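# Observations on chain architecture
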Amino acid sequence: MSTIAQISTPLGSGGIAIVRISGESALEIGRSLFYCKKLQNSDILPRMLYLGDFELDDATEKCMMVYFKAPYSFTGEDVVEFQIHGGEYLAAKVLDKILEKGAVLAENGEFSKRAFLNGKMSLDEAEATIDMIMSTSDAQLKASSKLAHGNLYKTVKEIQDNIKDSLASLEVTLDYPEHDDEQTSIDDVKTVLTNALDRLQKLQDTFSEGEKIRFGIDVAIVGKPNVGKSSLLNALIGEDRAIVTNIKGTTRDTLKETINYQGLKINFIDTAGIRDSDDAVEKIGVQKSIQSIEESDIILFVLDSSEDMDKEDKELEKLLKDKKVIYVLNKSDKKNKLQLPNGLYVSAMNGENIEKILDEILKRTRMDKIDYSQLYITNKRHYEALKSAINSIKQVLEEKIFTTDIIDMQIKKIWQKLGEITGETANEAIIDEIFSKFCLGK
Ligand SMILES: Nc1nc2c(ncn2[C@@H]2O[C@H](COP(=O)(O)OP(=O)(O)OP(=O)(O)O)[C@@H](O)[C@H]2O)c(=O)[nH]1
Ligand SMILES: [Mg+2]
């Protein structure tokens, strides 16, 4: 495999930039460009930081160099890293020099891909690492760090091993029928599969929360015109973001704003007031509002508490009947008229009870019950693989005639599906696609 190099820190100016080389010639290339008095008559020691000079054509860069000897490196190959002053042009020059010596430019995620191919991390761990890097909330960071530490990998591997072992002992009884009872072994396989099914289903069930941990809870703010949806959005995010007027139909387009609350992301979507309208633009806006209702996890159904519910409100309520809905009775600073036992009286104008809405969102979506010591499936790819492994297990357990051949074939299928999560059986195109989404130099 070729020796690759790339700048591993973000492009731009900063305190330090790191240029990384990985592959068979990493050490040779690194040493040929680096002058350090200490290294004149001695070998370079792995994991030691050396201070020296990197020779550029017209300049000398005083920098640090570190060597990681294969297989004890991030990629599992020989790796050399230069820690240089963080100038964009300077880093590019250092990289050029390394390329001149025979290294090739690493593609996006190529260091990580090599780490995966060399068994340094599983595919799910690599994906979780990127998720950690991209984290924008405590919840996402905690959940992805658990995954990045191989907790999913270990669970999946254990289940795969259990299934494989039980199949192996079944095969032994078939080879030596005098030793054991075949039926007992078949029953053992069934027990192992039932246990696996239970564990996998529990994991699969975490995806609903897992998705919210990763992407946030989607909350649509819905209501007829002028009830104060945009005012409420502004109050919830603590910023004057949406236009507010006393003209009905002010909001034409949906507007999404995210906040962090108790470590979780909440994505609020302000929508156009829903009503019958002849205005072409407003009609599109209303269509978008309806789409937001369908796509969100929970709805803030905003009503004007100073008025009774009218026909428009009631029509809208019907539209929400299959959704999780929080009744938000806005304008509580005005004389109250609307009585709803399950309503939350708030005022977007003076801020009354705004935080209660946030708590209610967490409660109703059960996101207040997140236990970070537990593993959450946050990645759709893992979820899909779990789903098809679960289906295959169910199929075997439902077989009327439980022959060894059927078990053998089905178990291989289950094993294969589970292997897609860890990458063991994932096909090359999927692997390439995953790593191509990684950052340059990662
Ligand atoms: N008194 C009082 N007035 C409010 C409150 N919230 C909003 N309003 C007023 O209600 C009017 C409509 O507010 P918006 O936030 O634009 O209402 P909307 O639901 O977004 O309206 P559309 O975008 O037209 O659908 C404005 O005049 C606001 O000042 C509140 O809590 N109390
Ligand atoms: Mg509005």
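On a predicted model such as this, the values are computed, not experimentally measured, just so you know. (Residues numbered from 1 in each chain as written. Chains lettered and ligands numbered in written order. Predicted model: local features only at pLDDT ≥ 70, side-chain atom pairs only at ≥ 80, totals over all residues.)

The subject of this paragraph is the overall build of the protein chain. The secondary structure content of the protein chain amounts to 15 helices and 13 strands. The C-alpha radius of gyration of the protein chain comes to 29 Å, more than 25% above the 22 Å expected for a compact globule of 442 residues. Along the first, second and third principal axes, the C-alpha set of the protein chain runs to 90 × 80 × 40 Å. Classification of the 442 residues of the protein chain by burial places 39% in the buried group. In the protein chain, the proportion of contacts linking residues at least 24 apart, taken out of those at least 6 apart, comes to 65%. (Helix = DSSP H or I, 4+ residues; strand = E, 2+ residues; numbered from the N terminus. Rg over C-alpha atoms; globule rule 2.2 N^0.38 Å. Buried ≥ 20, exposed ≤ 12 C-beta atoms within 10 Å, placed from the backbone. Contact = placed C-beta atoms within 7 Å.)

Strand order in this open sheet of six strands is S9-S10-S8-S11-S12-S13, and the pairing throughout is mixed. One side of each edge strand has no neighbouring strand; the edge strands of this open sheet are strand S9 (255–261) and strand S13 (344–345). Pairing between S9 and strand S10 (residues 264–270): seven bridges, direction antiparallel. Looking across to S10, one finds that Asn260 is bridged to Lys265. Along the sheet, helix H12 (residues 354–364) contacts strand S8 (217–222), S9, S10, strand S11 (298–304), strand S12 (325–330) and S13; its crossing angle with S12, the most-contacted strand, is approximately 170 degrees. (Pairing = 2+ DSSP bridges. Axes fitted to C-alpha atoms, helices over the stretch in contact; angles between N-to-C directions.)

One recurring pattern in soluble globular proteins is that nonpolar side chains are buried together. Residues Val219, Ile221, Val222, Leu300, Val302 and Val328 are the most contacted members of the largest nonpolar core, which totals 65 residues. Ranked by residues supplied to this core, first place goes to helix H6 (residues 151–175) with seven residues. Domain assignment of the residues forming this core places at least three in each of domain 2 (124–206 + 376–426) and domain 3 (215–369). Among residues more than four places away in sequence, those in contact with Val328 are Leu232, Leu300, Phe301, Val302, Leu344, Val346 and Ile357. Membership of the second largest hydrophobic core comes to 36 residues, among which are Ile7, Val19, Phe68 and Val79. (Core = buried A, V, L, I, M, F, W, Y, C linked by C-beta atoms within 7 Å. Domains from an automatic or database assignment.)

This brings us to the site of ligand 1. Neighbouring ligand 1 are 24 residues; Gly228, Ser230, Ser231, Thr251 and Gly273 lie closest to it. Residue contributions to the shell around ligand 1 peak at three residues, all from helix H9 (residues 229–237). Residues of the shell around ligand 1, tallied by class, amount to six nonpolar, 13 polar and five charged. (Near = placed C-beta within 6 Å. Nonpolar A, V, L, I, M, F, W, Y, C, P; charged D, E, K, R; others polar.)

Right, let's talk about the packing of helix H7 (residues 182–205) against helix H13 (residues 380–398) for a bit. Between H7 and H13, the shortest axis-to-axis distance is 10 Å and the interhelical angle comes to 150 degrees. Considered as vectors, H7 and H13 are oriented roughly antiparallel to each other. H13 is crossed by H7, and the crossing has left-handed handedness. Here Lys190, Leu193, Thr194, Ala196, Leu197, Leu200, Gln201, Leu203 and Gln204 of H7 lie close against H13, whose contacting residues are Tyr383, Leu386, Lys387, Ala389, Ile390, Ile393, Lys394, Val396 and Leu397. Residues belonging to the contact of H7 with H13 are distributed by class as follows: twelve nonpolar, three polar and three charged. (Parallel < 35°, antiparallel > 145°, perpendicular 65-115°, else oblique. Left-handed = near helix turned anticlockwise from the far one by under 90°.)

So, about the sheet that holds strand S3 (residues 34–35). If you trace the seven strands from one edge of the open sheet to the other, you get S3-S4-S5-S6-S2-S1-S7, paired in mixed fashion. Both outer strands of the open sheet, S3 and strand S7 (104–105), are each paired with one neighbouring strand and no more. Bridge count between S3 and strand S4 (residues 49–55): two bridges; the pairing is antiparallel. Within S4, the position partnered with Phe34 by the bridge is Phe54.

This part is about the packing of H6 against H7. It is the contact of H6 with H7, at a shortest axis distance of 9 Å, that shows an interaxial angle of 170 degrees. When the axis of H6 is compared with that of H7, the two are roughly antiparallel. From H6, Ile159, Asn162, Ile163, Ser166, Leu167, Ser169, Leu170, Thr173 and Leu174 reach across to H7, where they touch Glu182, Ser185, Ile186, Asp188, Val189, Val192, Leu193, Ala196, Arg199 and Leu200. Of the residues that constitute the contact of H6 with H7, the class distribution is eleven nonpolar, five polar and three charged.

This part takes up the domain arrangement of the protein chain. Domains assigned within the protein chain are domain 1 (4–106), domain 2 (124–206 + 376–426) and domain 3 (215–369). The gap between the C-alpha centroids of domain 1 and domain 2 is 42 Å.

Locating Ser296 in the fold gives a position in the loop between helix H10 (280–295) and S11. Ser296 gets classed as buried once you count the C-beta atoms within 10 Å, which come to 21. When the C-alpha positions of Ser296 and Tyr72 are compared, they lie 46 Å apart, and in sequence the two are 224 residues distant. Contact partners of Ser296, with chain neighbours within four places excluded, come to Asp218, Val219, Ala220 and Ile269.

This paragraph deals with the environment of Lys283. Inspection of the secondary structure assignment puts Lys283 in helix H10. Taking the C-alpha atoms as reference points, Lys283 and Arg252, separated by 31 residues in sequence, lie 8.6 Å from one another.

Another aspect to go through is the pairing of S10. A large share of S10 lies buried, amounting to six of its seven residues. Following S9, the chain reverses through two residues before pairing antiparallel with S10; Gln262 in that reversal takes a positive phi of roughly 50 degrees.

Before going further, it helps to examine helix H8 (residues 207–215). Three or more residues of H8 are buried, namely Phe207, Glu209, Gly210, Lys212, Ile213 and Arg214. Turning to H8, the residues buried within the fold contact helix H4 (123–133), helix H5 (138–148), H7, S8 and H13. Of the residues one or two after H8, Gly216 is the one with positive phi, at around 100 degrees.

Trans peptide bonds make up the majority, and among non-glycine residues the majority have a negative phi. Cis geometry is adopted by the peptide bond preceding Pro71, which originates at Ala70 and carries an omega value of 5 degrees. In this structure, Pro71 sits in the loop between strand S5 (60–68) and strand S6 (79–86). Backbone geometry at Asn226 places phi at a positive 75 degrees, although glycine is not the residue there. Take Asn226: it is sitting in the loop between S8 and H9.

Turning our attention to the pairing of S4. In terms of strand pairing, S4 meets S5 through seven bridges, oriented antiparallel. Paired with Asp53 across the two strands is Lys62, which belongs to S5.

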